[in-house]
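Secondary and tertiary structure notes
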Amino acid sequence: MTVAPTPAARPGSAPGPGDEGVGVALGRCLRLFGLGLWELVLMVWLLLGVCLTVLWVGLYLVPPTVDAIVRVARRQRRLARRYSGVGIAERYAPLPGAVLPDGDGRNRSAGGQLSRRWRRLAAQLRDPAVQRDLLWSLVDPVVGAVLVLVPPALVLNALWGVVLLFVWRPIVAADGTQWFLFVPVNDRPSAVLAAVVGVVLGVLGVLLAPRFVRWHASWAQVLLRPSGRSLERRVEELTVSRAAAVDDASAEVRRIERDLHDGAQARIVSMGMTLTAAERLMDTDPEAARAMIAEAKASSSAALQELRDLVRGIHPPVLADRGLVDAVRTLALEAPVPVDVVSTLDGRVSAPVESAVYFAVSELLANVAKHARATRASVEVSRVDGELVVVVADDGAGGASAAGGSGLAGISRRLGAFDGTLTLASRVGAGTVATVRVPVAVAGA
């Protein structure tokens, strides 16, 4: 096993709402403006793809472009929270392509994959959240980008006014009177006035930049926040995931009861009967009594080991004591296939999430050992934009499927109780990449 060092928390994290420096808010304005331009490019690319569908080329352009638009809209939501403290909930419907069932031999051809992408795209377009993302990408390059461009434009105008103070002579000599806003620059006093007006504009631009960033966040909230219909659907999803979590908990309780009844409890009862028989033989046949006592001692050791195994199956001690990353490293050490573990996670997550993700990784590594015929595997643990992301990959035969009530489907159900998802990419002959994502807050991050 190869374990990468876990880096310490970086001290230079991005400033939060309300702690902008002189240039930070202007930089945020430019970043939001750049995202607006990227949204414009994606919308043009999407329209081009739609137009080219008659030539079949667009069939390959439209689905990934819609995915890119959704990613940019999610990025806008995260920036609104980070820059202005404006929370915009995400309420995306589950997609049928979130888990790719390639293991049954269907949809392996290029045509089958294309058909699956378009079925996934059709499900996306029916989702009100994706519809809002598309509307946002259509309108924001005009409204939002212009909104956040005002402070940088004021500052750039201010710089030109100051520059005119030093270069007004050759410019006026070549082109005549130059206007800086309402100031006609044709001599030194007018150039000084232009510079003063420029300084005022620059100060105004710097002071207004945080306000315009907040206005942009409010504008994003208006267009990107979930509708009432999305909230109703979200309630239904939570009801289903809660019922699945209750069923899983009940099944776990029954498994524990069965293991106790058939394992440790039976051994303890047998040990008691053996000790009783040994007590009766103590006076008449000491040798037989000692043999029974030794047998009872062995039974007690076996019962203790079974209890330890049972406790480890419920909540491993290393997980409780040292956290998710070290628990995953322990799994990697015990795996029959060499596993590389890489972690950039700094801090702990909540115990229920750690437990759910730990057992998900355990199940995935068990699948690698049993079915993948892999020579190596890897586990990457990180935190990306408020999500705990764990990627389990192998170089095996591929063709894994979450269909048919497999263990992968059970992982998806358990993660759903925490708004988590399992994404599986598993083409035959190309290995398997399973990605677990769970929204979390990391302590100490």
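Residues numbered from 1 in each chain as written. Predicted model: local features only at pLDDT ≥ 70, side-chain atom pairs only at ≥ 80, totals over all residues. Heavy atoms only, no water.

1. Describing the overall build of the protein chain
Applied cut-off: Numbering of helices and strands runs from the N terminus, with a helix taken as a DSSP run of H or I at least four residues long and a strand as a DSSP run of E at least two residues long. The rule is simple: take the accessible area with a 1.4 Å probe, protein chains only, and divide by the maximum for that residue type; under 20% is buried, over 50% is exposed, in between is partly exposed. We call two residues in contact when some of their heavy atoms are within 4.5 Å. Note on areas: Shrake-Rupley, 1.4 Å probe, and residue coverage restricted to the protein chains presented here.
Scanning the protein chain for helices and strands turns up twelve helices and eight strands. Buried residues in the protein chain amount to 38% of all 445 residues. In the protein chain, the proportion of contacts linking residues at least 24 apart, taken out of those at least 6 apart, comes to 70%. For the protein chain, the computed accessible surface area is about 23700 Å², with 63% contributed by carbon and sulfur atoms.

2. Let's talk about helix α1 (residues 24-51)
Formally: In a helix, the anticipated span is given by 1.5 Å times the number of residues less one.
Taking 1.5 Å as the rise per residue, α1 with 28 residues should run 40 Å; its terminal C-alpha atoms sit 41 Å apart, in good agreement. Taken as a whole, α1 has its buried residues at A25, L26, R28, C29, L32, L35, G36, E39, L42, M43, L46 and G49.

3. As for the pairing of strand β5 (residues 377-384)
Using the following cut-off: The rule for pairing is simple: two strands pair if DSSP sees at least two bridges between them. With the strands aimed away from the viewer, a crossover counts as right-handed if its path from the first strand over the helix to the second runs clockwise.
With five bridges connecting them, strand β4 (residues 339-343) and β5 associate as parallel partners. Residue V341 lies in a different strand from β5, and its bridge partner there is V379. Since β4 and β5 lie parallel, the crossover through helix α11 (residues 351-372) that links them has a hand, and here it is left-handed. Where β5 meets strand β6 (residues 387-394), eight bridges bridge the pair, whose relative direction is antiparallel. Within β6, the residue paired with E380 across the bridge is V391.

4. Concerning the side chain of D326
In plain terms, the rule: Under this definition, polar contacts are N or O atom pairs within 3.5 Å; protein pairs additionally need one hydrogen-donor-capable and one acceptor-capable atom, and for neighbouring residues in sequence, both atoms have to be side-chain atoms.
By secondary structure assignment, the location of D326 is in helix α10 (residues 324-334). Here R329 takes part through its side chain, which lies 3.1 Å from a polar atom of the side chain of D326.

5. Let's talk about helix α4 (residues 128-139)
Along an α-helix, a turn takes 3.6 residues, which lines up residues three or four apart on a common side. For α4, which comprises twelve residues, the first-to-last C-alpha distance of 16 Å matches the rise-based estimate of 16 Å (1.5 Å per residue) to within 8%. The complete set of buried residues in α4 reads P128, A129, V130, R132, D133, L134, W136 and S137.

6. Points about a nonpolar patch on the surface
Convention followed: What makes a patch is a set of residues exposed beyond 30% relative accessible area and free of salt bridges, joined within 9 Å when like-charged and within 5 Å when nonpolar (Val, Leu, Ile, Met, Phe, Trp, Tyr). Salt-bridge detection follows one rule: a side-chain nitrogen of Lys or Arg within 4 Å of a carboxyl oxygen of Asp or Glu.
Together, V162, F166, V199, V203 and L207 give the surface a local cluster of nonpolar side chains, amounting to about 490 Å² of exposed area. At the level of elements, α5 (143-175) and α6 (188-224) are the ones that each hand at least two residues to the nonpolar patch. Tallying contributions element by element places α6 first for the nonpolar patch, with three residues. Tracing the backbone shows F166 in helix α5. Classification of F166 as exposed rests on a relative accessible area of 64%.

7. Regarding the pattern of salt bridges
What the rule picks out here adds up to eight salt bridges. For R77, the salt bridge goes to D133, with nearest N and O atoms at 3.0 Å. Of the two residues, R77 is situated in helix α2 (residues 57-84) and D133 in helix α4; the sequence distance between them amounts to 56 residues. Residue classification places D133 among the buried positions, given a relative accessible area of 0%.

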